[in-house]
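Below are the chains, spelled out letter by letter.
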Amino acid sequence: MAKKSMNEKLKNLKAEKEGDALPDEQKIIITDGDDRGGTWAGIAEEIDIDPKDQPKPTPKKNRRGGKALQAELEAAKEAAEGNKEKYTRLLSEFDNMRARNEKENAEMSDRGSMETLKKILPVIDNLERALETVPEDEKGAFEEGVEKIYKQLMDTLADIGVQPMNAVGKEFDPTYHNAVIHEEDENQGENLVVEEMQKGYMYKDQVLRHSMVKVVN
């Protein structure tokens, strides 16, 4: 029995020496209030906090309550709506300005095209007169070649928006026609174009050249 007691003492002494060799942060033993061994825990540093250094509660007068937050939220919403309205108005103005610029550019381009086309129309008139002077039974390869060139020219003009008015048989309209001769004819309708002295042409929806016509009644 004495031998067993001596072994226990040796073990306890050895355990105490091992405990002395551990770092300071590992020497704390947590127990449940009895003498049995507990759990080793490590503490790197102990800090004592002065009560005067502890955080103090925010005074009630400085606190933002629910009403204040709601007011701030409403103000932010109103500002956002105002900015949205300004952005929408500026975007609409920009779209209108862009559309206006595109329209003005298109009109300027059409005016330039019309000035050029007006100079071509007399050439077409002379080409038509030359073809009309040759009887059908006397037309040869040369005349047929000229007719093909004339047709190609008219097709090209049609592709860019130039069309003859073909005023004969239509009611006289000063918007498109320029009456150079007036006659009475009981067999014809009233205010009727019976002859086109010079062809009129349209460029898209604009008058390129008025028709010079003879009107009856």
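Conventions adopted
- Residues numbered from 1 in each chain as written.
- Predicted model: local features only at pLDDT ≥ 70, side-chain atom pairs only at ≥ 80, totals over all residues.
- Heavy atoms only, no water.
- Helix = DSSP H or I, 4+ residues; strand = E, 2+ residues; numbered from the N terminus.
- Buried < 20%, exposed > 50% of the residue type's maximum accessible area, 1.4 Å probe, protein only.
- Contact = heavy atoms within 4.5 Å.
- Areas by Shrake-Rupley, 256 points an atom, 1.4 Å probe, with all protein chains shown as cover.
- Salt bridge = Lys/Arg side-chain N within 4 Å of Asp/Glu carboxyl O.
- Core = buried A, V, L, I, M, F, W, Y, C linked by side-chain atoms within 4.5 Å.
- Patch = residues over 30% accessible without salt bridge, like charges linked within 9 Å, V, L, I, M, F, W, Y side chains within 5 Å.
- Expected span 1.5 Å × (residues − 1).
- Pairing = 2+ DSSP bridges.
- Axes fitted to C-alpha atoms, helices over the stretch in contact; angles between N-to-C directions.

A.B. asks: Now, about the overall build of the chain: what can you tell me, with residues and values included?
C.D. replies: A count of helical and extended segments in the chain gives three helices and eight strands. Looking at the chain as a whole, 15% of its 217 residues qualify as buried. Counting only contacts in the chain whose residues sit at least 6 apart along the sequence, the fraction spanning at least 24 positions is 56%. Accessible surface, the chain: about 17800 Å² in total, of which carbon and sulfur atoms supply 52%.

A.B. asks: A description of the pattern of salt bridges should follow, citing residues and the corresponding values.
C.D. replies: Across all of its chains, the model carries nine salt bridges by this definition. A salt bridge links Glu147 to Lys139, with the shortest nitrogen-to-oxygen separation between them at 2.3 Å. Glu147 gets classed as partly exposed once you look at its relative accessible area, which sits at 28%. You can call Lys139 buried: its relative accessible area is 18%. Between Glu183 and Lys214 there is a salt bridge, and its shortest N-O distance comes to 3.8 Å. Of this pair, Glu183 sits in strand β4 (residues 177–183) while Lys214 sits in strand β8 (residues 211–216); the two residues are 31 residues apart in sequence, bridging distant segments of the chain. For Lys214, a relative accessible area of 14% translates into the label buried. The network of salt bridges with shared partners includes Glu136, Lys139 and Glu147.

A.B. asks: How would you explain the environment of Gly169 if you had to name every residue and give the values?
C.D. replies: Relative to the elements of secondary structure, Gly169 occurs in the loop between β3 (162–164) and β4. By relative accessible area, which is 53% here, Gly169 ends up exposed. Considered as a pair, Gly169 and Glu196 are 27 residues apart in the sequence and their alpha carbons are 9.7 Å apart. Not counting residues up to four positions away in its chain, the partners in contact with Gly169 are Leu192 and Val193.

A.B. asks: Go over the nonpolar core, please, and point to the residues and values.
C.D. replies: The biggest cluster of nonpolar side chains holds 13 residues, and the ones touching the most others in it are Ile124, Val162, Tyr201 and Leu208. A total of five residues in this core trace back to one element, the largest contributor, which is helix α2 (residues 66–132). Of all hydrophobic cores here, the second largest spans five residues; its members include Phe172, Val193, Val213 and Val215.

A.B. asks: Provide a residue-level description of a nonpolar patch on the surface, including the pertinent values.
C.D. replies: A cluster of nonpolar side chains, Tyr87, Leu91, Phe94 and Met97, forms an exposed patch at the surface whose accessible area comes to about 410 Å². For Phe94, the position within the fold is in helix α2. Owing to a relative accessible area of 44%, Phe94 belongs among the partly exposed residues under this scheme.

A.B. asks: Give a description of α2 that names residues and reports values.
C.D. replies: Between its terminal C-alpha atoms α2 stretches 95 Å, which fits the 99 Å expected from 67 residues at 1.5 Å a residue. Residues of α2 that are buried include every one of Asp110, Met114, Leu117, Leu121, Ile124, Asp125, Glu128 and Leu131, and no others.

A.B. asks: Explain unusual backbone geometry to me, and be specific about the residues and the numbers.
C.D. replies: Located in the positive-phi region is Lys204, a residue other than glycine, with phi close to 60 degrees. By the secondary structure assignment, Lys204 is in the loop between β6 (201–203) and β7 (206–209). Look at Asn217: it is not a glycine, yet its phi comes out positive at around 60 degrees. Mapped onto the secondary structure, Asn217 falls in the segment after β8.

A.B. asks: So, the sheet that holds strand β5 (residues 192–198): which residues are in play, and what are the values?
C.D. replies: What the three strands build is an open sheet, ordered β4-β8-β5; its pairing is mixed. Of all strands in the sheet, those with a lone pairing partner are β4 and β5, marking the two edges. Along the sheet, successive strands turn relative to each other by an average axial angle of 35 degrees, direction set aside. Examined bridge by bridge, β4 and β8 share six bridges and lie parallel to one another. Bridged to Asn178 within β8 is Met212.

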